[in-house]
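# Coordinate inspection notes
The chain contents come next:
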Amino acid sequence: MSVDESAASQSEADRIDRLPAHIGIIMDGNGRWATSRGLPRLIGHREGYKTLRSVLLHANDLGIQYLTVYAFSAENWRRPEDEVDGLMQLITQAAIDELRVMHLNNVRVRVAGRLDELPHSLRNALIKGVETTAQNTGITFTLAINYGGRAEIVDAVRRIMREGTNPDEVTEETISRCLYNPDIPEPDLLIRTAGELRLSNFLLWQGAYAELYVVQKPWPEFTPEDLEAACQEYARRVRKFGAVAPRSASP
Ligand code: IPE
Ligand code: IPE
Ligand code: MG
C-alpha cells in the first residue's frame, strides 16, 4: 500500500468512532457466485481467497485487532469429495504462499478447529504460519478450519473432565479458558455474506453477544468498503449485554 493509500485508510478509521476489536466473518456464497456465472464452484472459492487477502490487509490497516474467518466448517466434509479436495489444496497453497505477506504486514496468525483431522501438508503449513508470526503485533488473524462451535465446546468439556475438575467448580470462565484460543476476546461483530440468517455453528460460545451483520452479496464480491460499512453500522448499535442501555445511547 502506498503512503497516500495508508493515510486514506487511517482517516477512514478515524471516522469510524467505535471500531469493533474483534470481527468474525462467515465467508459464504462462493459456490453461488460461481454457479451463477456458469463456473465450477472451486473457481468461486479461488475468488473468495482473493477477497480474504484484501479484506484482511484492510482490516489490519484500519486497526482492527482481531479477525476470525470461517474457512471450512466441521460439517463441510459432507460436500462432494472433489470440492473438499480442491478446498484443502487451495487452503494449503494459500497458507504457504501468503506467509511472507502476513509476516511483512505484522499479522499474527492463529487457527481454530480440529487440526489433527486435516491433511498433513495443510496442518504443517498452518503450524508454520502460527509459529513464524507468533511475535507479530498487528492484527491477529484466526483461520477457523475444520471448526465447529459445538465441537469446540465438546473439546473444552473433555479437557475439563480430563483435568479432574470438581463439577461444582465449573463456571463460564472454566469453559472459556478451555476453548481453542482462550486469549482472544469474544467477537464484537459477526458478518455473514450471501444473505443466510444463521450461524452455521460458528463461534457459538464466543458469539453470545456479538452484533450480527448480514449482507446479500456473496463473499467474492465483498470489498474493503463493505467492511467499513459494517464497522459504521456496528458503531451505531447499542450493546446492552442484558442490562439497560445507558441514557446517552439511543434505544
Ligand atoms: C463458503 O461458500 C465457503 C465454504 C463453505 C468453504 P459456499 O461454498 O458455502 O457457497 P454457497 O453457500 O454454496 O454459495
Ligand atoms: C458456513 O457456510 C461455513 C463456512 C463459511 C466455511 P455453509 O455454507 O457451510 O453453511 P450452511 O450449510 O449454509 O449452513
Ligand atoms: Mg454456503
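A short tour of the structure in this document, coming up. (Residues numbered from 1 in each chain as written. Chains lettered and ligands numbered in written order. Predicted model: local features only at pLDDT ≥ 70, side-chain atom pairs only at ≥ 80, totals over all residues. Heavy atoms only, no water.)

### A closer look at the side chain of Glu211
Checked against the element boundaries, Glu211 lands in strand β6 (residues 211–214). Residue classification places Glu211 among the buried positions, given a relative accessible area of 14%. Not counting residues up to four positions away in its chain, the partners in contact with Glu211 are Asp188, Leu189, Leu190, Tyr234, Arg237, Val238 and Arg239. (Helix = DSSP H or I, 4+ residues; strand = E, 2+ residues; numbered from the N terminus. Buried < 20%, exposed > 50% of the residue type's maximum accessible area, 1.4 Å probe, protein only. Contact = heavy atoms within 4.5 Å.)

### Details of the site of ligand 1
Of all residues adjacent to ligand 1, which total 13 residues, the nearest are Asp28, Gly31, Arg32, Arg41 and Arg79. Within the backbone of Asn30, an N or O atom sits 3.2 Å from an oxygen atom of ligand 1. Between ligand 1 and Gly31, the relevant distance is 2.9 Å, taken from an oxygen atom to a main-chain nitrogen or oxygen of the residue. For ligand 1, whose unbound accessible area comes to 380 Å², protein coverage reaches 87%. Of all the secondary structure elements, the ones that give two or more residues to the shell around ligand 1 are α2 (30–35), α3 (41–62) and α4 (81–104). Element by element, the count of residues in the shell around ligand 1 is highest for α2, at three residues. When the residues that make up the shell around ligand 1 are grouped by side-chain class, the tally is three nonpolar, five polar and five charged. (Near = heavy atom within 4 Å. Polar contact = N/O pair within 3.5 Å; in protein donor to acceptor, adjacent residues only side chain to side chain. Areas by Shrake-Rupley, 256 points an atom, 1.4 Å probe, with all protein chains shown as cover. Nonpolar A, V, L, I, M, F, W, Y, C, P; charged D, E, K, R; others polar.)

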